[in-house]
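# Residue-level structure breakdown
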Amino acid sequence: MIGAYDLEMLTPPCDPGSERLVAKASLADDIAPVLPYLNATLPGASFMPEAGSLTWKDDGHTIAFHRHEIAVSDVDDREDAERVVEDLVDLVNRTWQQREEIVPSVAIRHRPTPMAVYKLLPRTNCKECHQAGCWQFALKLVAGEVNSGECPPLARPEFVSQLAELRSLVTEIT
Ligand code: SF4
């Protein structure tokens with residue numbers, strides 16, 4: 001599947017001067033055929049068949065697979081990027097080798113909106129989650145940067161049904 005690739009380091013366009021970098025691997029091979037298999041096996045992956053791309057969050061990185069490219073956010077330096085990209089290349093190649101054991105999926109998962117998440121929070125702005133308030137917590141939950149367990153009030157009995165609903169809403173992004 002993936003043979004040769006070129007690795008490039010970029011500064012995030014939305015955050016010039018950032019110490020966190022984006023790694024971009026330009027692939028000689030077209031990985032579009034493996035995307036439905038990755039979609040079937042990577043938890044929380046978001047597949048866009050028309051665009052020929054799939055995004056996935058793993059270990060603090062946002063990863064975008066395109067036909068001839070893998071982009072990874074939040075890498076420390078080139079050495080970190082080389083390690084992460086090599087793991088992803090292995091993942092793609094392994095998934096392709098095992099494709100006969102996987103039922104491919106073209107299902108499209110939609111991320112919940114911050115407002116849908118916000119409505120299920122206690123909305124007291126108590127800051128026990130160390131965020132500025134519930135809205136900021138909702139934004140981070142949708143981005144996969146925090147999880148529902150980091151809002152202590154949600155563990156109270158009066159929020160049991162909201163917590164269950166929230167967990168089912170966000171399982172797609174964790
Ligand atoms: S801990 Fe929960 S209720 Fe308190 S501000 Fe954070 S999200 Fe809102």
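The paragraphs below set out a description of the structure included in this document. Please read all numbers here as calculations on a predicted model, not as lab measurements.

## A short note on the packing of aromatic side chains
Scanning the model with the defined rule gives 2 aromatic pairs in all. Taken together, a centroid distance of 6.1 Å and an interplanar angle of 85 degrees make the contact between Y37 and W96 edge-to-face. Placement of Y37 in helix α1 (residues 35-41) and of W96 in helix α2 (residues 78-97) is noted, with a sequence separation of 59 residues between them. Classification of Y37 by relative accessible area gives buried; the value is 16%. Measuring from ring centre to ring centre gives 5.6 Å for Y118 and W135, while their planes differ by 80 degrees; the resulting arrangement is edge-to-face. Here W135 lies in helix α4 (residues 134-142) and Y118 lies in helix α3 (residues 114-118), a separation of 17 residues in the sequence. On the basis of relative accessible area, Y118 is assigned to the partly exposed category, the value being 22%. Over the aromatic face of Y118 sits the side chain of R123, whose NZ or CZ is 5.7 Å from the ring centroid.

## Structural notes on the pattern of salt bridges
Per the counting criterion, the structure on display carries 5 salt bridges. Put simply, E8 and K24 hold a salt bridge, and the shortest N to O gap is 3.8 Å. Taken as a pair, E8 in strand β1 (residues 5-10) and K24 in strand β2 (residues 21-27) lie far apart in primary sequence, 16 residues in all. The salt bridge involving R83 is made with D80; its shortest N-O contact spans 2.6 Å. Of this pair, R83 and D80 both sit in helix α2, 3 residues apart, which is roughly one turn of the helix.

## A short note on the sheet that holds strand β5 (residues 61-66)
The strand order across the open sheet built from 6 strands is β1-β2-β6-β5-β4-β3, with neighbouring strands paired in antiparallel fashion. Every other strand in the sheet has two partners, leaving β1 and β3 (46-48) as the edge strands with one partner each. Sheet twist, expressed as the mean angle between neighbouring strand axes with direction ignored, is 15 degrees. Sheet topology places β2 next to strand β6 (residues 69-75); 5 bridges connect them, and they run antiparallel.

The rules behind these values
- Residue indices begin from 1 for each chain and proceed along its sequence in written order.
- With the structure being a predicted model, the display of local features is reserved for residues of pLDDT at least 70 and the display and counting of side-chain atom pairs for 80 or more, all residues being used for whole-chain, interface and lining totals.
- To get the side-chain values, take all heavy atoms of the structure and skip hydrogens and water.
- Pairing of aromatic side chains here covers Phe, Tyr and the six-membered ring of Trp, requires ring centres within 6.5 Å, and sorts the geometry by plane angle: under 30 degrees stacked, over 60 edge-to-face, intermediate tilted.
- Secondary structure elements are taken from DSSP: a helix is a run of H or I of four residues or more, a strand is a run of E of two residues or more, and numbering for both begins at the N terminus.
- The buried label applies to any residue whose accessible area, calculated with a 1.4 Å probe on protein chains only, is under 20% of its type's maximum; exposed applies above 50%, and partly exposed to all values in between.
- For a Lys NZ or an Arg CZ to count as sitting over a ring, it must be within 6 Å of the ring centre and within 35 degrees of the ring normal.
- Should a side-chain nitrogen of Lys or Arg be within 4 Å of a carboxyl oxygen of Asp or Glu, the pair is scored as a salt bridge.
- The rule for pairing is simple: two strands pair if DSSP sees at least two bridges between them.
- With axes taken as lines fitted to C-alpha atoms, and helix axes fitted only over the stretch in contact, angles between N-to-C directions fall between 0 and 180 degrees.

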